[in-house]
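# Architecture and fold: a report
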Amino acid sequence: MEAEGLTNEQTDKVLQFQDLTGIEDMNICRDVLIRHQWDLEVAFQEQMNIREGRPTMLTASTDVRAPAVINDRFLQQVFSANMPGGRTISRVPSIGPMPRSFTGILGYVINFVFQYFYSTISGIVRAFINIGGGNEPRIVSDPLADVMKFIREYYERYPEHPVFYQGTYAQALNDAKQELRFLLVYLHKDPTQNPDVESFCRDTLSSRSIIDYINTNTLLWGCDVSTPEGYRVMQTITVRTYPLMVMISLRANRMMVVGRFEGDCTPEELQRRLQSVITVNEVWLSQARADRLERNFTQTLRRQQDEAYEQSLLADEEKERQRQRERDAARQVLEAEERARRDVELRKEEIARQKIELANLVPPEPPADSADAIAVVFKLPNGTRLERRFQQTNSILDVYHFLFCHPASPDEFEITTNFPKRVLYSKAAIDAAECSVNETYSKTLKDVGLKHREVLFVNDLEA
């Protein structure tokens, strides 16, 4: 597979997808993952839907590619009809009993060797004829239809039977690899022309013990070699006699033929042979299950760690955002305090400037013997008593300027009489209604009813 342009994470996903689906071509695995935006779960679920094994679900059955199967007779257990427990109806003529004389024994050996070589050479000749075009090439156009036709015909002829996998050979291989199960492949020719096939199907495969054992321990896939799909499978697993069953299993991460059952046999013998093959190879599936469980556990643990790390990052980011909000709030408080402090300072500076300017507007104090002089005693909020003479023609504003410029007076105040209480001057009232109030405060002391000696109160408006 060309790994250019793939990250380490994407390469890991390609390998995981290949292991889960059994697709040998890593480029196909990569393309499927790219089509699903590298979502391993979604891509795997689609492959499982494609390989459900039900005809109505197999919309793309012909596109499923079978994993490679190693067919090495040195790596598999081989059982034939000539072994104990086997049986055959269409056996070749016997060469007779073993003779007792020397010449008879010599003739017996020569006859046995001749028949052996004749059978071998005739088999080789038939194989070359088949390779050379003795059979017309068969194009597999609808493998699922071939399998379903075989299942339908088999069920009609033999009502008692194991459950056959409803899918193509490629799908059966992929599911067996994915589910880590033994795949039992059954091939036969027309039972009406093959007595051994008829006997095997009617007597052996219809046995309740065989049905229960096969259904429990294997996936059973079958087909007739007269169909293109069956013929193709027959060529890949090298059939010598019918009926034929081969056991395929995952071994050392490769799909292998681990058992071969040729010819007819009794139900008890078939179950013994199946148990023998499964017992020997179960250790490989157990190891594969343990590896997959460990890999899934590692992936789950890694996913959980990644999720915990993401949650930790989110928590840290939220904490940082909270700290930033607190810093912003503290900065805003400091800025507000600083603005308030500057406002106070500016106000004090403005008041000091106004006092300097308004001091020039304070009228001079008339002499004590002046006929129109009014002596006024001011009581300040801090208890200070001020006494000052004004002329009757002086205005209330002149009185305000005098008090405003005095160091002991407050910055914001009002001037009132005691009884009856009247407000003679209020800075707040001037600011609220400047025009009309100014006309009032421009009145003289005589106009507001002040006479020779008065007591006025100064009230602090900021207290």
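Below is a summary of the structure that appears in this document. One numbering rule holds for all chains: residues counted from 1, following each sequence as written. Thresholds applied to this predicted model are a pLDDT of at least 70 for local features of residues and 80 or more for the giving and counting of side-chain atom pairs; totals over whole chains, interfaces and linings are not thresholded and use all residues. To obtain the side-chain values, all non-hydrogen atoms of the structure were included, while hydrogens and water were left out.

## Description of the packing of helix α8 (residues 208–217) against helix α10 (residues 267–359)
For the pair α8 and α10, interaxial distance at closest approach is 10 Å and the crossing angle is 20 degrees. Considered as vectors, α8 and α10 are oriented roughly parallel to each other. Crossing angle aside, the handedness with which α8 passes α10 is left-handed. Contact residues: α8 offers Ser 209, Ile 210, Tyr 213, Ile 214 and Asn 217, while α10 offers Pro 267, Leu 270, Gln 271, Leu 274, Gln 275 and Ile 278. Nonpolar residues are Ala, Val, Leu, Ile, Met, Phe, Trp, Tyr, Cys and Pro. Charged residues are Asp, Glu, Lys and Arg, and all others, Gly as well, are polar. Partitioned by chemical class, the residues of the contact of α8 with α10 number seven nonpolar, four polar and no charged. For every element, the axis is a line fit to its C-alpha atoms; helices are fit only across the contacting stretch, and the angle between N-to-C directions ranges from 0 to 180 degrees. Helix numbers and strand numbers start at the N terminus; a helix is a DSSP run of H or I with at least 4 residues, a strand a run of E with at least 2. With respect to orientation, any angle under 35 degrees is reported as roughly parallel, any angle over 145 as roughly antiparallel, any angle of 65 to 115 as roughly perpendicular, and every other angle as oblique. Handedness of a helix crossing follows the sense of rotation of the near helix relative to the far helix, less than a right angle counterclockwise being left-handed and clockwise being right-handed. Residues are treated as being in contact if the distance between any of their heavy atoms lies within 4.5 Å.

## Re unusual backbone geometry
Excluding glycine, most residues fall at negative phi; most peptide bonds, likewise, are trans. Going from Tyr 242 to Pro 243, the amide bond is cis rather than trans, its omega being 0 degrees. Within the secondary structure, Pro 243 is located in the loop between α9 (228–237) and β6 (244–251). Cis geometry is found at the peptide bond from Phe 419 to Pro 420, where omega equals -10 degrees. Relative to the helices and strands, Pro 420 resides in the loop between β11 (413–417) and β12 (423–426). Not every positive phi belongs to a glycine, and Asn 253 is a case in point at roughly 65 degrees. The topology assignment puts Asn 253 in the loop between β6 and β7 (254–262). Each residue is placed in one exposure class: buried if its accessible area under a 1.4 Å probe, protein chains only, is under 20% of its type's maximum, exposed if it is over 50%, and partly exposed if it falls in between. Asn 253 sits in the exposed class, given a relative accessible area of 60%.

## Quick word on the packing of helix α5 (residues 143–157) against α9
Interhelical geometry of α5 versus α9 gives an angle of 95 degrees and a closest axis separation of 7 Å. When the interaxial angle is binned, α5 and α9 end up roughly perpendicular. Judged by residue contacts, Pro 143, Asp 146 and Val 147 of α5 engage Pro 228, Glu 229 and Arg 232 from α9. Taken together, the residues of the contact of α5 with α9 sort by class into three nonpolar, no polar and three charged.

## Notes on the packing of aromatic side chains
In this analysis, rings of Phe, Tyr and Trp, with Trp reduced to its six-membered ring, are considered paired at centre separations within 6.5 Å, and the interplanar angle assigns stacked below 30 degrees, edge-to-face beyond 60, and tilted for intermediate values. Scanning the model with the defined rule gives 15 aromatic pairs in all. Aromatic side chains Phe 150 and Phe 164 sit 5.3 Å apart centroid to centroid with 90 degrees between the ring planes, which places their arrangement in the edge-to-face category. Within this pair, whereas Phe 150 is found in helix α5, its partner Phe 164 is found in the loop between α5 and α6 (169–179), the two being separated by 14 residues in sequence. For the residue pair Phe 150 and Phe 164, the accessibility class agrees, reading buried in each case. By way of ring pairs, the aromatic residues Phe 150, Tyr 154, Tyr 155, Tyr 158, Phe 164, Tyr 186 and Phe 200 are connected into one cluster. The residue whose ring lies beneath Lys 355 is Phe 404, and the NZ or CZ to ring-centre distance is 5.6 Å. Sitting over a ring, as applied to charges here, requires NZ of Lys or CZ of Arg to be within 6 Å of the ring centre and within 35 degrees of the ring normal.

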